[in-house]
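# Close look at the chain arrangement
Spelled out, the chains give:
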Amino acid sequence: GGGGGAFSAGAGATRWRLGDFMDKWRGMVPEELRPACHDSLLRGLALVERAADGSDGVVRPFRADQLPKVPKERFVALFALKLRWTMDELEAYLVGVPGLTVEAQLLKFTRVSQPTAAATPVYSKR
């Protein structure tokens, strides 16, 4: 791609270390807006994957508006990118699907695993 900015690339393209990405993003906005630059604003535009050990995660472009509209095809695309998802990661890619709530889609197209009561539930292909 050309110089179209941080999100010009398609899925599977560039990845950035989360800390580096956030620093660069904050450096590009007026100082009074920097506190508003939070990774939650990237939901549906980029996938933010946090490292399990708490170290810096990664950010990669992945736009919800470019996924198939048909729920079954949408899940095929999601699981092609990543085998296991948390609700926090998945939700932005499932809202706005006509006729099905996020919960209904998860019940129909995923399997949930949660090794312990304290663990975060993880969704994978049914």
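Structure shown above.
In this report, we go over the structure that sits alongside the text. (Residues numbered from 1 in each chain as written. Predicted model: local features only at pLDDT ≥ 70, side-chain atom pairs only at ≥ 80, totals over all residues. Heavy atoms only, no water.)

Moving on, we come to the overall build of the protein. Per the secondary structure count, the protein includes 4 helices and 6 strands. The linear arrangement of helices and strands in the protein, starting from the amino end, is β-α-β-β-α-β-α-α-β-β. Taken over 126 residues, the protein has a buried fraction of 32%. The contacts in the protein between residues at least 6 apart in sequence include a share of 47% that link residues at least 24 apart. Total accessible area on the protein is roughly 8000 Å²; 56% of this is exposed by carbon and sulfur atoms. (Helix = DSSP H or I, 4+ residues; strand = E, 2+ residues; numbered from the N terminus. Buried < 20%, exposed > 50% of the residue type's maximum accessible area, 1.4 Å probe, protein only. Contact = heavy atoms within 4.5 Å. Areas by Shrake-Rupley, 256 points an atom, 1.4 Å probe, with all protein chains shown as cover.)

Looking at the element boundaries, G57 is found in the loop between β2 (46-49) and β3 (58-61). Judged by its relative accessible area of 5%, G57 is buried. Separated by 40 residues in sequence, G57 and R17 place their C-alpha atoms 6.0 Å apart. When sequence neighbours within four positions are dropped, the list of residues in contact with G57 reads W16, R17, L18, E49, R50 and A51.

On the secondary structure map, D39 appears in the loop between α1 (18-28) and β2. In terms of polar contacts, D39 uses its side chain to reach the side chain of R50, at 2.5 Å. The residues touching D39, leaving out its near neighbours within four places in the chain, are L18, M22, V48 and R50. (Polar contact = N/O pair within 3.5 Å; in protein donor to acceptor, adjacent residues only side chain to side chain.)

We now examine the environment of L90. On the secondary structure map, L90 appears in helix α3 (residues 87-94). The class of L90 is buried, set by a relative accessible area of 0%. As a C-alpha pair, L90 and Y123 span 33 residues in sequence and 8.6 Å in three-dimensional space. Aside from chain neighbours lying at most four places away, what touches L90 is L78, W85, L106 and Y123.

Across the sheet, 3 strands lie side by side as β1-β3-β2; this open sheet has antiparallel pairing. Of all strands in the sheet, those with a lone pairing partner are β1 (16-17) and β2, marking the two edges. As defined by bridge partners, β2 adjoins β3 across 4 bridges and the pair is classed as antiparallel. Paired with L47 across the strands is R60, a residue of β3. (Pairing = 2+ DSSP bridges.)

Right, let's get into the pairing of β3. Looking at chain direction, β1 and β3 are connected through 2 bridges and run antiparallel. By the bridge assignment, W16 is partnered in β3 with V59.

A few words now on the packing of helix α2 (residues 71-81) against α3. At a minimum axis separation of 11 Å, α2 and α3 run at an interaxial angle of 140 degrees. The orientation of α2 with respect to α3, classified from their angle, is oblique. Judged by the sense of rotation from one axis to the other, the crossing of α2 with α3 is right-handed. On the side of α2, the interface is formed by R74, F75 and L78, while α3 contributes L90, Y93 and L94. A per-class count over the contact of α2 with α3 returns 5 nonpolar, no polar and 1 charged. (Axes fitted to C-alpha atoms, helices over the stretch in contact; angles between N-to-C directions. Parallel < 35°, antiparallel > 145°, perpendicular 65-115°, else oblique. Left-handed = near helix turned anticlockwise from the far one by under 90°. Nonpolar A, V, L, I, M, F, W, Y, C, P; charged D, E, K, R; others polar.)

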